[in-house]
Amino acid sequence: MSAVYLYAITDNRPQRLPEEIDVLTVDGIVGVYGSKADEELQATEANLWAHEAVVESLMEEGAVLPARFGTVLQSVDRLRDELMSRQEEFARALDRVRGRVELGVRAAWPQRVLVDMPAESGRGYLARKLEQQRAAADATSSVHEPLALLAVDSTVRVLQSPCLTLIGSYLVDRGDVERFRDEAERLAQALGEVRLACTGPWPPYSFTSQEEQR
Amino acid sequence: MSSGELVSADPSITLVELVDRLLDKGVVVSGEVTIAVADVDLIRLGLRVLLSSVETIEKQR
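Conventions we followed
Residues numbered from 1 in each chain as written. Chains lettered and ligands numbered in written order. Predicted model: local features only at pLDDT ≥ 70, side-chain atom pairs only at ≥ 80, totals over all residues. Heavy atoms only, no water. Helix = DSSP H or I, 4+ residues; strand = E, 2+ residues; numbered from the N terminus. Buried < 20%, exposed > 50% of the residue type's maximum accessible area, 1.4 Å probe, protein only. Areas by Shrake-Rupley, 256 points an atom, 1.4 Å probe, with all protein chains shown as cover. Expected span 1.5 Å × (residues − 1). Arc of directions from axis to C-beta. Disulfide = S-S within 2.5 Å. Axes fitted to C-alpha atoms, helices over the stretch in contact; angles between N-to-C directions. Parallel < 35°, antiparallel > 145°, perpendicular 65-115°, else oblique. Left-handed = near helix turned anticlockwise from the far one by under 90°. Contact = heavy atoms within 4.5 Å. Pairing = 2+ DSSP bridges. pLDDT = per-residue confidence, 0-100.

Another aspect to go through is the overall build of chain B. In terms of regular secondary structure, chain B is built from two helices and two strands. When the helices and strands of chain B are read in sequence order from the N terminus, they spell out β-α-β-α. Buried positions account for 44% of the 61 residues belonging to chain B. Of the roughly 3200 Å² of accessible surface on chain B, 58% is carried by carbon and sulfur atoms.

Quick look at helix 5 (residues 177-191) of chain A now. All names here are of chain A. Compared with the 21 Å implied by 1.5 Å per residue over 15 residues, the 21 Å span of helix 5 between its first and last C-alpha is a close match. Residues of helix 5 that are buried include every one of Val 177, Phe 180, Glu 183, Ala 184, Leu 187 and Ala 188, and no others. Projected down its long axis, helix 5 carries its buried residues within an arc of 140 degrees, all on one side. When the buried face of helix 5 is taken as reference, the exposed residues oriented beyond 90 degrees from it are Asp 182, Gln 189 and Ala 190. Looking one or two places after helix 5, you find Gly 192, whose phi comes out positive at around 60 degrees.

Turning our attention to the environment of A:Ser161. Residue and element names in this part refer to chain A. Assignment of secondary structure puts Ser 161 in the loop between strand 7 (153-159) and strand 8 (165-173). Residue Ser 161 is classed as exposed on the basis of its relative accessible area of 56%. Once the C-alpha coordinates of Ser 161 and Gln 111 are considered, the two residues, 50 residues apart in sequence, prove to be 9.3 Å apart.

So, about the state of the cysteines. Residues and elements named next belong to chain A. Taken as a whole and assessed by the stated rule, the structure comprises zero disulfides over all chains. Lacking any disulfide linkage, Cys 163 is separated from the closest cysteine sulfur, that of Cys 198, by 18 Å. Cys 163 sits in the buried class, given a relative accessible area of 1%.

With that out of the way, let us pick up the packing of helix 1 (residues 45-59) of chain A against helix 1 (residues 11-24) of chain B. At a minimum axis separation of 11 Å, helix 1 of chain A and helix 1 of chain B run at an interaxial angle of 70 degrees. Put simply, helix 1 of chain A runs roughly perpendicular to helix 1 of chain B. The interaxial crossing formed by helix 1 of chain A with helix 1 of chain B has left-handed handedness. Counting all contacts with helix 1 of chain A, which are made through A:Glu45, A:Leu48, A:Trp49, A:His51 and A:Glu52, the residues of helix 1 of chain B involved are B:Thr14, B:Leu15, B:Leu18, B:Val19, B:Leu22 and B:Leu23.

Quick look at the pairing of strand 6 (residues 100-108) of chain A now. Residue and element names in this part refer to chain A. Within strand 6, eight of the nine residues are buried, which leaves it mostly tucked inside the rest of the structure. Bridge count for strand 6 against strand 8 is nine bridges, and the pairing is antiparallel. Paired with Ala 108 across the two strands is Thr 165, which belongs to strand 8.

This next bit is on the side chain of B:Glu17. Of note, B:Glu17 is situated in helix 1. Its relative accessible area of 1% is what places B:Glu17 among the buried residues. The residues contacting B:Glu17, other than those within four sequence positions of it, are A:Gly104, A:Val105, A:Arg106, A:Ile167, A:Thr199 and A:Trp202.

When pLDDT is averaged across chain A, the result is 90; 94% of the residues are at 70 or more. Put simply, strand 5 (residues 71-73) of chain A is where chain A has its lowest mean pLDDT, 89, and strand 4 (residues 64-66) of chain A is where it has its highest, 97.

Turning our attention to the confidence of the model for chain B. Residue and element names in this part refer to chain B. On average, residues of chain B carry a pLDDT of 62, and 33% of them reach 70 or more. The least confident element of chain B, judged by mean pLDDT, is helix 2 (residues 40-60) at 50; the most confident is helix 1 at 86. The low-confidence segment residues 54-61, where pLDDT is below 50, has 13 contacts with residues more than four positions distant or belonging to other chains. Note on the complex model: pTM 0.85, ipTM 0.87.

If you want it as structure tokens, here you go:
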């Protein structure tokens, strides 16, 4: 018995598979796996893209739940147990992402001059905190909210350093990808000094379970 | 690049987005599973790329 490396869970036994990749089907849920040498489990740029390439090829043939990079199970039997015990959960999650892709958005604001009070003082700290909260709320309403309207689901977080940055993930119907990109383009132009990047389509990494974003 | 344009093809941003997704998202299988320890250097690289892409953004302005 040897360890298996999990690439993804899908609902469709893929027709075209690279030689070193195998599938296990349990009740309509398909685990796509292979084996990896230790050095292939190092999170290098090349290894990450290799994982991504397999997942992307699966997306052409069915709904896909990508596995986190580096997921290794002890044996095919373990994978079977996992697929069996979580069959309903995976089926629901696959239904949710079917026909949809993930788009990523990063928006970076120019450095703002934060409240000019020493952060060490109690009042300075509070003023700074308030300003950060306001900036995050502005970022969310100006970038995230209009984009979320075009998505089935979304997640967002806002970083305050090294500059105000909004990182959003959007689950979008395939047919709406262009519309989403156009809206991102429109926002980038409307917001001027905000640098906005839209990447994807990605496999739905951020939408593999119901719990994550609730 | 002038301001107000959508940055979509920047490879460093794409790499950050890839790292974010593959190491932090995706299906996690429970039970007797080994999640291979992510290479610390790459995570550092990822952060550096993130920072440098922000710097590039600043310079472009």
